[in-house]
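Chain by chain, the residues run as shown.
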Amino acid sequence: MKKIILLVFATTIFSGCAELQQVVNQLPQGTVGLSQLDIANGLKEALDNGIEKQVSKLTATDGFLKNEAVKILLPQELQTVDTKLRQIGLSSLADEGLKVLNRAAEDAVKEATPIFVDAVKNMSFNDAKNILMGDNVAATTYLQSSTSSALYTKFNPVIKNSFSKVGADKVWTNIITKYNSLPFITKVNPDLTDYTTNKAMEGVFKMIAVEEQSIRSNIGSRSSDLLKKVFALQDKK
């Protein structure tokens, strides 16, 4: 997980710079003295903080359900199901169906941290350099386009297992069975594992972005001398 978020910060905090070297050259001699290793270590420190402050929140009970930024809502196909259940006095079942989707995501993120590390650890220096010189969403765009397929392949069975673990499979089998037995309705058969997998991944990226923005814009979030020096490069752009 560290390398994933390290990548995100390392490539986005300087986005919009014409050249990184120009930024460094603008700083007074002797006040920075940062090597590539220093910068990497500083970013790693920032990202450790990011994992603790943001991504780890998703693994807690209600980490998705009560976080409006990442809460998993029902797909369009099931909004009619939700409405109909409430109309016939089954609001509690509808509420439970929504809750277990979010519980599965919370459970899966807890187990999936190593997957994110493996997904991006082989990024080349040239890849990082190209992102560094890209626009202000270059890192996120690269991360999503280059890792989503591999992440999905590994994440999907985690979600499927989580459905079983938190009881989501039984709850939704009950919901769909009840709904499909009603007269004059179009039967549904949604792939909730696929849907929840994508939404859980989306939530992780959103929370990484939250901490990224904090580090980029809030000097008070830089809790060590190394962090202050590393992110001074961004401030001078």
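None of the values given here were measured: they were computed from a predicted structure. (Residues numbered from 1 in each chain as written. Predicted model: local features only at pLDDT ≥ 70, side-chain atom pairs only at ≥ 80, totals over all residues. Heavy atoms only, no water.)

A tally of helices and strands in the protein chain yields 10 helices and zero strands. Helices (α) and strands (β) of the protein chain occur, in sequence order from the N terminus, as α-α-α-α-α-α-α-α-α-α. Partitioning the intrachain contacts of the protein chain with sequence separation of at least 6 by distance along the chain shows that 84% fall at a separation of at least 24. When the accessible surface of the protein chain is split by element, carbon and sulfur atoms take 51% of a total near 12100 Å². (Helix = DSSP H or I, 4+ residues; strand = E, 2+ residues; numbered from the N terminus. Contact = heavy atoms within 4.5 Å. Areas by Shrake-Rupley, 256 points an atom, 1.4 Å probe, with all protein chains shown as cover.)

This part covers helix H4 (residues 76-87). Across its 12 residues, H4 extends 18 Å between first and last C-alpha, which sits within 8% of the 16 Å expected from 1.5 Å per residue. In the segment just after H4, Gly89 is the residue with positive phi, at about 85°. (Expected span 1.5 Å × (residues − 1).)

We now examine unusual backbone geometry. Phi is mostly negative for residues that are not glycine, and the peptide bonds are mostly trans. Located in the positive-phi region is Asp62, a residue other than glycine, with phi close to 70°. On the secondary structure map, Asp62 appears in the loop between helix H3 (36-53) and H4. A positive phi angle is found at Phe184, which is not glycine, with a value near 60°. Tracing the backbone through its elements, the reader meets Phe184 in the loop between helix H8 (168-180) and helix H9 (192-217). Residue classification places Phe184 among the exposed positions, given a relative accessible area of 87%. (Buried < 20%, exposed > 50% of the residue type's maximum accessible area, 1.4 Å probe, protein only.)

What follows deals with the pattern of salt bridges. Counted according to the given criterion, the structure contains 10 salt bridges. Of the charged contacts in the structure, one is a salt bridge between Glu202 and Lys199, with a shortest N-O distance of 3.8 Å. Of this pair, Glu202 and Lys199 both sit in helix H9, three residues apart, which is roughly one turn of the helix. The exposure class of Lys199 is partly exposed, given its relative accessible area of 26%. Glu202 is the partner of Lys206 in a salt bridge, and the nearest nitrogen-oxygen pair spans 3.5 Å. Highlighted residues: Lys206 and Glu202, both in helix H9, separated by four residues, approximately one helical turn. Here the salt bridges do not stand alone but share partners, grouping Asp62, Lys66, Arg103 and Glu106 into one network. (Salt bridge = Lys/Arg side-chain N within 4 Å of Asp/Glu carboxyl O.)

All right, on to the confidence of the model for the protein chain then. Taken residue by residue, the protein chain gives an average pLDDT of 75. The fraction at 70 or more is 62%. Ranking the elements of the protein chain by mean pLDDT puts helix H1 (residues 2-12) last, at 40, and H8 first, at 93. Below pLDDT 50 for its whole length, residues 1-21 participates in 74 contacts with residues either more than four positions away or in separate chains. Per-residue pLDDT stays below 50 along residues 23-32; that stretch engages in 13 contacts with residues further than four places along the chain or on separate chains. (pLDDT = per-residue confidence, 0-100.)

In the contact formed by H4 and H8, the axes pass within 11 Å of each other and the chain directions differ by 75°. When the interaxial angle is binned, H4 and H8 end up roughly perpendicular. Judged by residue contacts, Leu78, Thr80, Val81, Lys84 and Leu85 of H4 engage Trp172, Ile175, Ile176 and Tyr179 from H8. Taken together, the residues of the contact of H4 with H8 sort by class into seven nonpolar, one polar and one charged. (Axes fitted to C-alpha atoms, helices over the stretch in contact; angles between N-to-C directions. Parallel < 35°, antiparallel > 145°, perpendicular 65-115°, else oblique. Nonpolar A, V, L, I, M, F, W, Y, C, P; charged D, E, K, R; others polar.)

The next subject is H8. Its 13 residues place the ends of H8 18 Å apart at the C-alpha level, agreeing with the 18 Å of an ideal helix rising 1.5 Å per residue. Regarding H8, the residues found buried are Ala168, Val171, Trp172, Ile175, Ile176, Tyr179 and Asn180. Down the axis of H8, the sector holding all buried residues measures 150°, keeping them to one side. Residues Lys170, Thr173 and Thr177 are exposed on H8 and point more than 90 degrees away from its buried face. (Arc of directions from axis to C-beta.)

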